[in-house]
Amino acid sequence: MASPDLSVILPRVLIVSRRTVRKNKFVDFVGEYHLDLIVRYGAVPVIVPRVNGVHMLLDSFEPIHGVLLCEGEDIDPSLYEAETSSLSPEELEEIRRLHASDTAIDKEKDSIELRLAKLCLERNIPYLGICRGSQVLNVASGGSLYQDVEKEVSKKCSENQRVVHIDYGNYDGHRHAVRVVEKTPLHDWFKDSLEEEKMEIWVNSYHHQGVKRLAQRFVPMAFAPDGLIEGFYDPDAYNPEEGKFIMGLQFHPERMREPDSDEFDYPGCPSAYQEFVKAVIAYQKKLNSNSARVPKPPNLNQEIENKRKTIIKSFSLARDMYMSGRVMNPSKESKLIQAGADFLESNTAFSLQQEKRLKQMGATVRNANSYLERLKLNEERERIARNVMGKMSVERLSDLMSFYLMMSQICTEVMERKLHGFVNNENDSSHS
């Protein structure tokens, strides 16, 4: 069977399903509104089932042109919060009872979605995170979450600032205000519905967790009255026409519809999906274009070209030193290794594994460079000593050698006594 022409395949958007129990069996699902909007704007939703082991098989879903993450339980707190929670055990138990459907941690789903989020961040694959998907994006980028917004945020606010972020009695109909930040994509999509003084829209809400510490790369797009961030994006990775789109929305624009109708609350509600798919299509075209032609080396001026060659050589030396553990002879390699060490120190990889590897290599290169400097100093001292001794008579050299032999013997004896006493002390301590 002939391989398909990638240029005629519609762009693929990966969506991870949510697992639930139905008639004593697990079933996986994705909300229909998400799928409708992805298809409407010209992409194909590819559902990644929440099945054990799928996080190890994500390469099988290539090519990936976009990722949409939306529904699911709370993210495992150990993945984002190193410090102890400020919530008491009694409060945590109350939260588990009140939000039982959300607080059952799904580690497999966490693993699948965090891998996909980090893949998007590494490759600049378009990513849209809705509700939990926005939280996954923030955690994957180094941010953290409130374990319960009501107890950690709303209760600490004045009465007029408190917000109900989830209402089980009026699940789809519940709305609360958010203030939209100017000159953001969200502002562009809803500007015709905003009053200039208030800059507010009313959004739905189905969550009890939210962004606590926003990852450094992101910029807020909306705030609830209690201060919770309701939307954010990466301004350096936002240009749908060029295939760039990295964004998280805490609310669900796809479900902001009139009762018993498919009419949206605001004309801007579907814009997130429309612009996301636009970026997905552009990313696919860019990907196909890059794979169809042999990449040409960029035109660099001589100075940058020399720096590039130096760093490449430095990486080669550093890799050899890191892998083999051997140390180079001190020479011009010292400056060469320094250039690579500077580069490694000033650049951070996206994935934790890459970052750890670079830090290990950087430390190895730094240590090796210091060793080379010490080696050069010792060689210089040896050269001076040889010159001095070369001018001494045989008698003086004989006396000098006898002196150092005697000092060596004394050092050996004193060291043996000290070590013997140390061992005896250790033995005494172990018997006591």
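None of the values given here were measured: they were computed from a predicted structure.

## Quick notes on helix α5 (residues 132-140)
So, point 1. Counting buried positions along α5 gives 9 out of 9 residues, so the element sits mostly inside the fold.
So, point 2. With its phi angle positive at about 105 degrees, G142 sits one or two positions after the end of α5.

## Looking at unusual backbone geometry
So, point 1. The omega angle of the peptide bond from E62 to P63 is 0 degrees, so this bond is cis rather than trans.
So, point 2. Looking at the element boundaries, P63 is found in the loop between β4 (44-48) and β5 (66-69).
So, point 3. Unusually for a residue other than glycine, N124 sits at a positive phi of about 60 degrees.
So, point 4. Mapping N124 onto the fold places it in the loop between α4 (107-123) and β6 (127-130).
So, point 5. A positive phi angle is found at K183, which is not glycine, with a value near 60 degrees.
So, point 6. With respect to the helices and strands, K183 occurs in the loop between β8 (176-180) and α7 (185-190).
So, point 7. Classification of K183 by relative accessible area gives exposed; the value is 76%.

## A word on the environment of I130
So, point 1. Among the structural elements, I130 can be located in strand β6.
So, point 2. A relative accessible area of 0% places I130 in the buried class.
So, point 3. Sequence separation between I130 and L68 is 62 residues, and the spatial gap between their C-alpha atoms is 7.7 Å.
So, point 4. In contact with I130, not counting residues within four places along its chain, are H34, L68, L69, C70, L249, F251, H252, P253, E254 and Y273.

## Some details on the pattern of salt bridges
So, point 1. Following the criterion strictly, the structure yields 12 salt bridges and no others.
So, point 2. Of the charged contacts in the structure, one is a salt bridge between E242 and K244, with a shortest N-O distance of 3.9 Å.
So, point 3. The exposure class assigned to E242 is partly exposed, which follows from its relative accessible area of 43%.
So, point 4. Classification of K244 by relative accessible area gives partly exposed; the value is 32%.
So, point 5. Here E275 makes a salt bridge to K278, at a shortest N to O gap of 3.3 Å. Separated by 3 residues within a single helix, E275 and K278 lie in helix α8 (residues 271-292), roughly one turn from each other.
So, point 6. The exposure class assigned to E275 is buried, which follows from its relative accessible area of 15%.
So, point 7. On the basis of relative accessibility, which here comes to 32%, the residue K278 falls in the partly exposed class.
So, point 8. Here the salt bridges share partners, and the residues they tie into one network are K109, D110, E113 and R132.

## Here we look at the nonpolar core
So, point 1. One finds L68, L186 and F276 to be the most contacted residues of the largest nonpolar core, which totals 37 residues.
So, point 2. Ranked by residues supplied to this core, first place goes to α8 with 6 residues.
So, point 3. Residues in contact with F276, not counting those within four places in the same chain, are V13, I38, G66, V67, L68, P126, Y127, L128 and F245.
So, point 4. Residues A117, Y127, V211 and F218 belong to the second largest nonpolar core, which totals 35 residues.

## Concerning the sheet that holds β5
So, point 1. Spatial ordering of the open sheet is given by β4-β1-β5-β6-β13-β12-β11-β8-β9, a layout of 9 strands whose pairing is mixed. The two strands at the open ends of the sheet, each matched to only one other strand, are β4 and β9 (200-203). The mean inter-strand angle of the sheet, taken between neighbouring strand axes irrespective of direction, is 25 degrees.
So, point 2. As paired strands, β5 and β6 are joined by 3 bridges and run parallel to one another.

## Description of the side chain of H174
So, point 1. Secondary-structure assignment places H174 in the loop between α6 (149-152) and β8.
So, point 2. The residues contacting H174, other than those within four sequence positions of it, are V164, H165, D167, V203, N204 and S205.

## Quick notes on a nonpolar patch on the surface
So, point 1. On the surface, F403, Y404, M406, M407, I410 and V414 cluster together into a nonpolar patch covering about 530 Å² of accessible area.
So, point 2. Among the secondary structure elements, M406 is positioned in helix α12 (residues 394-431).

## A closer look at the packing of aromatic side chains
So, point 1. Applying the stated criterion to the full structure yields 5 aromatic pairs.
So, point 2. Ring geometry for Y238 and F245: centres 5.5 Å apart, planes at 50 degrees, overall tilted.
So, point 3. According to the relative accessible area criterion, F245 is buried, its value standing at 1%.
So, point 4. An aromatic cluster of three or more residues is present, and its members are Y233, Y238, F245 and F276.
So, point 5. A cation over a ring is seen here: R257 above Y33, with NZ or CZ 3.7 Å from the ring centre.

## What about the packing of α4 against α5?
So, point 1. It is at 9 Å that the axes of α4 and α5 come closest, and there the two elements cross at 65 degrees. Here α4 and α5 pass one another in a crossing that is right-handed. Facing K109, D110, E113, L114, A117, K118 and L121 of α4, the residues of α5 in contact are R132, V136, L137, V139 and A140.
So, point 2. A class-by-class count of the residues in the contact of α4 with α5 yields 7 nonpolar, no polar and 5 charged.

Procedures and definitions
- Residues numbered from 1 in each chain as written.
- Predicted model: local features only at pLDDT ≥ 70, side-chain atom pairs only at ≥ 80, totals over all residues.
- Heavy atoms only, no water.
- Buried < 20%, exposed > 50% of the residue type's maximum accessible area, 1.4 Å probe, protein only.
- Helix = DSSP H or I, 4+ residues; strand = E, 2+ residues; numbered from the N terminus.
- Contact = heavy atoms within 4.5 Å.
- Salt bridge = Lys/Arg side-chain N within 4 Å of Asp/Glu carboxyl O.
- Core = buried A, V, L, I, M, F, W, Y, C linked by side-chain atoms within 4.5 Å.
- Pairing = 2+ DSSP bridges.
- Axes fitted to C-alpha atoms, helices over the stretch in contact; angles between N-to-C directions.
- Patch = residues over 30% accessible without salt bridge, like charges linked within 9 Å, V, L, I, M, F, W, Y side chains within 5 Å.
- Areas by Shrake-Rupley, 256 points an atom, 1.4 Å probe, with all protein chains shown as cover.
- Phe/Tyr/Trp six-rings, centres within 6.5 Å; stacked < 30°, edge-to-face > 60°.
- Lys NZ or Arg CZ within 6 Å of the ring centre and 35° of its normal.
- Left-handed = near helix turned anticlockwise from the far one by under 90°.
- Nonpolar A, V, L, I, M, F, W, Y, C, P; charged D, E, K, R; others polar.

From the geometry alone we can't say anything about function, so treat these as descriptive.
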